[in-house]
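Structural characterization, general
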Amino acid sequence: MSVTQILFWFLSLLAVGAAIGVIASRNPVYSVLWLIVVFFAISGHYILMNAQFLAIVNIIVYAGAIMVLFLFVIMLMNLNAEAEPAKHLYLKMAGLISGLCLLIVFVAALSGSAEAKNVGQLGGSNIGLIKNLGRALFNDYVIPFEISSVLFLSAIVGAVVIGKKE
Amino acid sequence: MEIKWYIFLSVTLFCIGIAGALTRRNAIIIFMCIELMLNSVNLLLVAFSKMHLSGIAAKFPALATDAQLFVFFIMVVAAAEVSVGLAIIVMMYRNTHSVDINFLNRLKN
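A quick note: this is a predicted structure, and the numbers were derived from the prediction, not measured.

**Regarding the overall build of chain B**
The helix and strand tally for chain B stands at 3 helices and 0 strands. Going from the N terminus to the C terminus, chain B shows its helices and strands as α-α-α. Taking contacts inside chain B between residues at least 6 apart in sequence as the whole, the part at least 24 apart equals 64%.

Shown next, in the form of structure tokens:
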């Protein structure tokens, strides 16, 4: 096994284990912390696939901003004191079984059809660096970039309008 | 690594997100499961772009950056969505003093 394979399996196991931790932990604060672990593992995968800019953006935006927002809301509501009322056992089992069935269907459908193509790793291209991505972003994707700024403005206004006391 | 391991990893993360959204009742945790599903899709997009990098992108280098910019825009939209969604959850908590989604069945009738 080469180093990249060892890193791939380590990051995959970390991501899947932490994702199970997200849905299994009772306290919402622990769920947020496990989700941060998932995001760091996914950022490691991005670095393995030469998408360095996306890895940094993933850490800054998701682990840095969005998760802090989640933690802030949870602290604001003081949710960690009260226990979440549990769903019925049958409903829980139904949810788990349907998730597992979807997993089985996806794996069975995609394992046979996927060509055994290799995903090259670590080295070879500098496509994921900020220089190339920025050039493409401001040449070919200027209009979506500007539209996303309008989207952010409307999101800000919407959050303020929804969140303020009437 | 072969592409199928990345597909399996992304599908596993996606199905864990779906199982979490179906089994939990806390609205914030359901929201986090949706974020988990978004991230698994992002991971699969980057893996596919990396897979095609050797074939297509040797002739058309502009195409190689497309998938990564797509992922970037997905992150932008997700950030906007999270701010509005958390505002909705805060408003719901202010009205019902709970984030249990079973209280939200008033639109049913």
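**Section: the pattern of salt bridges**
All names here are of chain B. Summed over the entire model, instances satisfying the criterion amount to 1 salt bridge over all chains. Between Asp100 and Arg25 there is a salt bridge, with the nearest N and O atoms lying 2.4 Å from each other. Of this pair, Asp100 sits in the segment after α3 (66-96) while Arg25 sits in the loop between α1 (3-23) and α2 (27-53), and the two are 75 residues apart along the sequence. Using a relative accessible area of 13% as the deciding quantity, one classes Arg25 as buried.

**Section: the packing of helix α2 (residues 28-48) of chain A against α2 of chain B**
Two elements in contact, α2 of chain A and α2 of chain B, have axes separated by 11 Å at closest approach and are oriented at 5°. Viewed along their axes, α2 of chain A and α2 of chain B adopt a mutual orientation that is roughly parallel. Taking contact as the criterion, the partners of Pro28, Ser31, Val32, Leu35, Val38, Phe39, Ile42, His45 and Tyr46 of chain A in α2 of chain A are, on α2 of chain B, Ile29, Met32, Glu35, Leu36, Asn39, Asn42, Leu43 and Val46 of chain B. A per-class count over the contact of α2 of chain A with α2 of chain B returns 12 nonpolar, 4 polar and 1 charged.

**Quick word on unusual backbone geometry**
The backbone phi angle of Asn50 of chain A is positive, close to 60°, even though this residue is not glycine. Mapped onto the secondary structure, Asn50 of chain A falls in the loop between α2 and α3 (52-77).

**Here's the deal with the side chain of Ser43 of chain A**
Its place among the elements puts Ser43 of chain A in helix α2. Once residues lying within four places of it in the same chain are set aside, the contact partners of Ser43 of chain A are Ala55, Asn58 and Ile59 of chain A.

**Here we look at the interface of chain B and chain A**
Facing 67 residues of chain B, the contacting portion of chain A comprises 80 residues. Carbon and sulfur atoms make up 77% of the surface buried where chain B meets chain A, a total of about 6,900 Å² over both sides. By the criterion of area lost to chain A, the three top residues of chain B are Met1, Met32 and Lys50 of chain B, representing 11% of everything that side buries. The tally of links between chain B and chain A comes to 0 salt bridges. Here chain B is connected to chain A by 5 residue pairs in polar contact (both at pLDDT 80 or more). When residues of the side of chain B that touches chain A are traced back to their parent elements, those giving at least two are α1, α2 and α3 of chain B. Counted by class, the side of chain B that touches chain A contains 49 nonpolar, 10 polar and 8 charged residues.

Conventions and cut-offs
- For every chain, the first residue of its written sequence is number 1, and the numbers climb from 1 along that sequence.
- Each chain gets a letter, beginning with A, and each ligand a number, beginning with 1, in the order they are written.
- The predicted origin of the model limits local features to residues at a pLDDT of at least 70 and limits the giving and counting of side-chain atom pairs to 80 or more, whereas totals for whole chains, interfaces and linings rest on all residues.
- With hydrogens and water excluded, all non-hydrogen atoms of the structure serve as input to the side-chain values.
- Only DSSP runs of H or I reaching four residues or more are called helices, and only runs of E reaching two or more are called strands; each is numbered from the N terminus.
- In this analysis, two residues are considered to be in contact whenever any of their non-hydrogen atoms come within 4.5 Å of each other.
- Take a side-chain nitrogen of Lys or Arg and a carboxyl oxygen of Asp or Glu: if they are within 4 Å of each other, that pair is a salt bridge.
- Only protein chains enter the calculation, and the probe is 1.4 Å; a residue is then buried if its accessible area is under 20% of its type maximum, exposed if over 50%, and partly exposed in between.
- Between N-to-C directions, angles cover 0 to 180 degrees, with each direction set by a line fitted to C-alpha atoms, over the stretch in contact for helices.
- In this scheme, roughly parallel covers angles under 35 degrees and roughly antiparallel covers those over 145, while 65 to 115 is roughly perpendicular and the rest are oblique.
- Charged residues are taken to be Asp, Glu, Lys and Arg, nonpolar residues to be Ala, Val, Leu, Ile, Met, Phe, Trp, Tyr, Cys and Pro, and polar residues to be all remaining types, Gly included.
- Buried area: the sum, over both parts, of the accessible surface (1.4 Å probe) that disappears when the two are put together.
- N or O atoms within 3.5 Å of each other form a polar contact, as long as, within protein, one can give a hydrogen and the other can take it, and as long as residues adjacent in sequence are counted only when both atoms are side-chain atoms.

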